[in-house]
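Here is how the chains run, residue by residue.
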Amino acid sequence: ADMNVDVSTDPSWRKNFMGWSTNSDGCREMLLWISKRYPGIPIVITENGTSEDDRNLEAAKHDVGRRDYFEGYIRACGEAIDMGVQLEGYFAWSLMDNFEWEYGYTKRFGICYVDFETLERTPKSSGLWYRETIRANGSNILRVA
């Protein structure tokens, strides 16, 4: 809290599989705060993602929570850009399920499902959506007025 930023939560905010509160409005507000504090400096979001309960391939094929998460956060980024933020990059975390430092292989963040026994990789529905979003340069994301 050395920058006078308080971590908060609200019971109405969605919680991911890690138990973390998620709120895409906070992303937009943080980008605006950074942009005002450090004007003229380009911003790149190098990791943004969420863990969902997709422990098996069937669940991974329908990871709606992760897709909704990305849509909300990318929308918030677009709103921040519209408000003058110099956001030049956004990278989803992560491409593939991997070893999570605190929980091992029990929590999954990837947009591609990894079968840790065979190492076979399968795009999740969020990964397919993200591919289309990149192709459309975000035009497939509806803006909330």
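The coordinates are above.
So, here is what we can say about the structure in this document. (Residues numbered from 1 in each chain as written. Predicted model: local features only at pLDDT ≥ 70, side-chain atom pairs only at ≥ 80, totals over all residues. Heavy atoms only, no water.)

Attention now goes to a nonpolar patch on the surface. Judged by side-chain polarity, Met3, Val5, Met30, Trp33, Tyr38 and Ile41 come together as a nonpolar surface patch covering roughly 490 Å² of accessible area. Considering the arrangement of structural elements, one finds methionine 30 in helix α1 (residues 24-37). We classify methionine 30 as partly exposed; its relative accessible area is 34%. (Patch = residues over 30% accessible without salt bridge, like charges linked within 9 Å, V, L, I, M, F, W, Y side chains within 5 Å. Areas by Shrake-Rupley, 256 points an atom, 1.4 Å probe, with all protein chains shown as cover. Salt bridge = Lys/Arg side-chain N within 4 Å of Asp/Glu carboxyl O. Helix = DSSP H or I, 4+ residues; strand = E, 2+ residues; numbered from the N terminus. Buried < 20%, exposed > 50% of the residue type's maximum accessible area, 1.4 Å probe, protein only.)

Our focus in this paragraph is the layout of surface pockets. With a probe scaled to a water molecule rolled over the atoms, the places where space remains empty come into view. Approximately 860 Å³ is the volume found for the largest pocket. As for the largest pocket, its lining consists of 27 residues, of which Asn23, Gly26, Cys27, Met30 and Tyr73 are closest to the centre. At eight residues, the largest contribution of residues to the lining of the largest pocket is made by α1. Its residues assigned to classes, the lining of the largest pocket shows 14 nonpolar, nine polar and four charged. What lines the second largest pocket is a set of 18 residues, among which Ile74, Tyr90, Thr133, Asn137 and Gly138 lie closest to the centre. (1 Å grid on protein atoms, 1.4 Å probe; cavity = no way out; pocket = protein on both sides within 12 Å on 5 of 7 lines; lining within 4 Å. Points joined across faces, edges and corners; volume = space filled by probe spheres on them. Nonpolar A, V, L, I, M, F, W, Y, C, P; charged D, E, K, R; others polar.)

What follows concerns the nonpolar core. One recurring pattern in soluble globular proteins: nonpolar side chains tend to sit buried together. Within the largest apolar cluster, 19 residues are counted, with the highest numbers of intra-cluster contacts made by Leu31, Phe70 and Tyr90. Among the secondary structure elements, those contributing two or more residues to this core are α1, β3 (43-48), α3 (64-82), β4 (87-92) and α4 (125-135). Apart from the residues within four sequence positions on either side, tyrosine 90 is in contact with Ile45, Asn48, Phe70, Tyr73, Ile74, Cys77 and Tyr130. (Core = buried A, V, L, I, M, F, W, Y, C linked by side-chain atoms within 4.5 Å. Contact = heavy atoms within 4.5 Å.)

So, on to the packing of α1 against α3. At a minimum axis separation of 8 Å, α1 and α3 run at an interaxial angle of 30°. The angle between the axes of α1 and α3 places the two elements in the roughly parallel class. Where α1 crosses over α3, the two elements pack in a sense that is right-handed. Contact residues: α1 offers Ser24, Cys27, Arg28 and Leu31, while α3 offers Gly72, Tyr73, Ala76, Cys77, Glu79 and Ala80. (Axes fitted to C-alpha atoms, helices over the stretch in contact; angles between N-to-C directions. Parallel < 35°, antiparallel > 145°, perpendicular 65-115°, else oblique. Left-handed = near helix turned anticlockwise from the far one by under 90°.)

Tallied over the entire structure, the rule returns 15 salt bridges. Here arginine 55 and aspartate 53 are joined by a salt bridge, their closest N and O atoms 2.8 Å apart. When its relative accessible area of 41% is taken as the criterion, aspartate 53 is described as partly exposed. Ionic pairing is found between arginine 67 and aspartate 68, a salt bridge with its closest N-O pair at 3.4 Å. When its relative accessible area of 24% is taken as the criterion, arginine 67 is described as partly exposed. We classify aspartate 68 as partly exposed; its relative accessible area is 43%. One salt-bridge network, in which partners are shared between bridges, spans Asp54, Asp63, Arg66, Asp97, Arg108 and Lys124.

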